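Residue-level listing of the chains:
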Amino acid sequence: MSQELYTQLAQAVIDGDEKVAMSLTKEALTRGLNPLEIIKEGLTSGMEVVGEKFSRGEYFLPHLVMAGNTMKASLTWLEPALKTSGMVRETLGTVVMGTVAGDIHEIGKSLVGTMLAANGFVVHDLGVDVPTSKFIETVRETGANLVGLSALLTTTMSVQRTVIEELTEAGLRDQVKVMVGGAPVSPQWAQQIGADGYAEDAAGAVTLARRLVGADG
Ligand code: B1M
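### A word on the sheet that holds strand E5 (residues 197-198)
Here's step 1: Spatially, five strands are ordered E2-E1-E3-E4-E5 in an open sheet, and the strand pairing comes out parallel. Among the strands making up the open sheet, the edge pair consists of strand E2 (121-125) and E5.
Here's step 2: Pairing between strand E4 (residues 177-181) and E5: two bridges, direction parallel. Counted as the bridge partner of Val180 is Tyr198 from E5.

### Focus: the pairing of E2
Here's step 1: Sheet analysis places strand E1 (residues 93-99) next to E2, joined by five bridges and oriented parallel. In the sheet register, Gly93 faces E2, and the bridge partner there is Phe121.
Here's step 2: Since E1 and E2 lie parallel, the crossover through helix H5 (residues 107-118) that links them has a hand, and here it is right-handed.

### A word on the packing of helix H1 (residues 2-15) against helix H3 (residues 35-55)
Here's step 1: Interhelical geometry of H1 versus H3 gives an angle of 40 degrees and a closest axis separation of 8 Å. Of the possible angle classes, the one that applies to H1 and H3 is oblique. In the crossing of H1 with H3, the sense of the turn from one axis to the other is right-handed. For the pair H1 and H3, the contacting residues are Gln3, Tyr6, Leu9, Ala10, Val13 and Ile14 in the first and Glu37, Ile38, Glu41, Gly42, Leu43, Ser45, Gly46, Met47, Val49, Val50 and Lys53 in the second.

### As for the site of the ligand
Here's step 1: Looking at the ligand, there are 34 residues lining it, with Ser55, Ile104, His105, Glu106 and Ser150 nearest.
Here's step 2: Between the ligand and Ile104 there is a distance of 2.7 Å, counted from an oxygen atom to a backbone nitrogen or oxygen.
Here's step 3: Separating a nitrogen atom of the ligand from a side-chain N or O atom of Ser150 is a distance of 2.8 Å.
Here's step 4: Elements supplying a minimum of two residues to the shell around the ligand: H3, helix H4 (61-85), H5, strand E3 (146-150) and E4.
Here's step 5: Looking at which domains feed residues into the shell around the ligand, each of domain 1 (2-85) and domain 2 (93-212) supplies at least three.

### Looking at the nonpolar core
Considering soluble globular proteins, one finds that nonpolar side chains tend to be buried as a cluster.
Here's step 1: Within the largest apolar cluster, 38 residues are counted, with the highest numbers of intra-cluster contacts made by Ile39, Leu43, Leu75 and Leu116.
Here's step 2: Those elements that place two or more of their residues in this core are H1, helix H2 (18-30), H3, H4, E1, H5 and helix H9 (202-212).
Here's step 3: Here this core spans two domains, and each of domain 1 (2-85) and domain 2 (93-212) adds at least three residues to it.
Here's step 4: Non-local contacts of Leu75, meaning those with residues more than four positions away in its chain, are made with Ile39, Leu43, Ile107 and Leu111.
Here's step 5: Val163, Val176, Ala190 and Ile193 belong to the second-largest nonpolar core, a separate cluster that totals 24 residues.

Calculation notes
- Residues numbered from 1 in each chain as written.
- Predicted model: local features only at pLDDT ≥ 70, side-chain atom pairs only at ≥ 80, totals over all residues.
- Heavy atoms only, no water.
- Pairing = 2+ DSSP bridges.
- Helix = DSSP H or I, 4+ residues; strand = E, 2+ residues; numbered from the N terminus.
- Right-handed = clockwise from strand over helix to strand, strands pointing away.
- Axes fitted to C-alpha atoms, helices over the stretch in contact; angles between N-to-C directions.
- Parallel < 35°, antiparallel > 145°, perpendicular 65-115°, else oblique.
- Left-handed = near helix turned anticlockwise from the far one by under 90°.
- Contact = heavy atoms within 4.5 Å.
- Near = heavy atom within 4 Å.
- Polar contact = N/O pair within 3.5 Å; in protein donor to acceptor, adjacent residues only side chain to side chain.
- Domains from an automatic or database assignment.
- Core = buried A, V, L, I, M, F, W, Y, C linked by side-chain atoms within 4.5 Å.
- Buried < 20%, exposed > 50% of the residue type's maximum accessible area, 1.4 Å probe, protein only.

This is the structure we're talking about:
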């Protein structure tokens, strides 16, 4: 039953149909389905198809925009549920996060931020296309102990390395743990650029962040 709903939700993302996606999302929540599962099995799997169609030249930029808007619209319904799903009430750490310079992909980064906030982290989300200097400045201002860098393009992944280098130059590298993520990013890449960890998705980002701040003992 729920699989059928997820398939319809994925299709609404593929079609860029906000209205249908929002109504299916509301239905899924009413049925008591897990918000993270709705995101993974419905919305994200639709996005994967959109990405594949774009790669094959069947979809163009407007399709990406419509799919993005559709997913964002559904997430406005899911985020309150995600926010109350966290079990942790004490503050585990302060995270400065954003999508690196030159990259405007927003959805995955925001999802990671929401999940971290729901799980006990104070999150300073700097948005997208964030200048490297802004990460440095905000770490200094907030005394953050974590930095989260999202990159969705092979052409912007290298900016994650630049941010790490500039944190070192600013004398802040020892104060923070750096986590990286995004579709083209891998554990190998994280290691290569001297990041402290990589997470594949928003739930994985919470596990990683907890480990990096020593919350799990
Ligand atoms: Co673009 N885009 N896009 N896009 N887009 C991709 C990434 C692409 C893979 C599509 C494809 O070709 N198959 C491709 C990149 C190819 C490459 O570099 N290898 C691509 C391209 C080429 C482009 C443009 C260059 C297109 C153009 O202009 N010709 C352009 C670039 C603009 C720019 O940034 N300068 C562009 C633009 C856009 C839109 C703006 C139109 C739109 C985004 C809308 C928005 O964000 N408001 C868009 C979209 C929607 C996509 C796809 C289809 C979906 C991305 C998405 O939101 N996924 C994407 C294809 C794909 O990924 N399958 C594609 C859903 C989201 C929940 O997942 O973002 O992966 P994701 O985040 C996940 C994980 O990656 C992880 O957790 C998240 C939650 O599970 N994660 C982290 C992410 N950040 C993390 C940080 C962490 C930890 C985990 O720690 C800090």
